[in-house]
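Structure assessment
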Amino acid sequence: MHLFLIGIGTGNPEHLTLQAIRALNRADVVLIPRKGPDKADLADLRRTICAEVITSPETRIVEFDMPVRDPATPGYIARVNDWHDAIAARWQAAIPPGAGAVALLVWGDPALYDSTLRIAARLGAEVTVIPGLMSPQVLTAAHGIALNDLGAPFMVTTGRRLRAEGWPVGCDTLVVMLDGDCAFQALAPEGIAIWWGAYVGMPEQILEHGPLSEAGPRIVAARAAARAAHGWIMDIYLLRRDPAGAEEPAAQAPGPARPRHQP
């Protein structure tokens with residue numbers, strides 16, 4: 001069996017590369033995970049992508065229910081490893097006998113804060129990775145900003161680490177992912193600017209930016225409202241620390257959170 005792990009960007013069918021489209025049409029089976037009624041939109045987006053780009057009549061769509069993490073398992077790493085074992089078992093059970101090429105649609109890119117490659121290793125299959133747009137790229141494109149300052153590094157981290165460890169030494173730009181609790185609230189806001197986005201690249205996209213002291217409360221409120229409206233949320237933000245302060249050009253003055261569509 002050959003697994004194609006296909007990065008699909010952030011939910012916009014136009015994010016797919018030609019390489020991704022070719023791989024989908026080579027597959028005997030495309031697996032689509034179902035994550036319950038609250039996250040039905042995620043399965044719908046994958047179905048839409050398949051309907052728009054798969055032209056091969058021989059490609060089958062097979063859906064399966066994703067297991068959930070057992071909160072009773074002690075230890076974060078052990079809990080995640082058990083969960084990954086369960087996901088791999090669901091993949092194996094869903095793949096029809098004799099399927100030679102199996103594709104999975106991976107949000108963003110399989111290389112960045114995604115466990116699909118680790119789960120695939122449990123099956124012992126040959127794996128081909130098709131890269132996709134990563135959410136930091138889509139976020140910075142939506143805001144029209146550079147990811148790094150001139151000649152300067154940046155760091156991609158998680159909300160959990162930002163809250164536990166604070167701002168890392170030697171880096172003035174952070175991209176924060178997997179943050180369900182708005183960890184930026186634990187930072188002293190002086191001299192920090194934030195660029196935040198939810199559902200980036202999708203029709204539901206919401207953007208907010210400004211000095212952290214001003215934009216932070218707006219983001220917390222916008223995030224809660226969006227999650228209540230949709231039942232799920234995927235968001236990401238960039239923090240930039242400037243010793244001279246976090247003020248932005250007048251042309252980018254912060255405004256209320258509102259949906260903005262990708263051109």
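This write-up is about the structure you can find in this document. (Residues numbered from 1 in each chain as written. Predicted model: local features only at pLDDT ≥ 70, side-chain atom pairs only at ≥ 80, totals over all residues. Heavy atoms only, no water.)

**With respect to the pattern of salt bridges**
Evaluation of the coordinates by the stated rule reveals ten salt bridges. Here Glu-208 makes a salt bridge to Arg-218, at a shortest N to O gap of 3.1 Å. With Glu-208 in strand β9 (residues 206-211) and Arg-218 in helix α7 (residues 212-230), this residue pair connects regions lying ten residues apart in the sequence. For Arg-218, a relative accessible area of 26% puts it in the partly exposed group. A salt bridge links Asp-235 to Arg-223, with the nearest nitrogen and oxygen atoms 2.8 Å apart. Pair noted here: Asp-235 is in strand β10 (residues 235-241) and Arg-223 is in helix α7, with a separation of twelve residues, a long-range link. (Salt bridge = Lys/Arg side-chain N within 4 Å of Asp/Glu carboxyl O. Helix = DSSP H or I, 4+ residues; strand = E, 2+ residues; numbered from the N terminus. Buried < 20%, exposed > 50% of the residue type's maximum accessible area, 1.4 Å probe, protein only.)

**A few points about α7**
Here α7 contains 19 residues, and its C-alpha end-to-end distance of 25 Å stays within 8% of the 27 Å for a straight helix at 1.5 Å per residue. Buried within α7 we find Leu-212, Ala-215, Gly-216, Ile-219, Ala-222, Arg-223 and Ala-226. Mapping the buried residues of α7 onto a view down its axis gives an arc of 140 degrees, with all of them on the same face. Relative to its buried face, α7 has exposed residues pointing more than 90 degrees away, namely Pro-217, Ala-228 and Ala-229. The secondary structure elements touched by the buried residues of α7 are β8 (192-198), β9 and β10. A positive phi of about 85 degrees marks Gly-231, the residue just after α7. (Expected span 1.5 Å × (residues − 1). Arc of directions from axis to C-beta. Contact = heavy atoms within 4.5 Å.)

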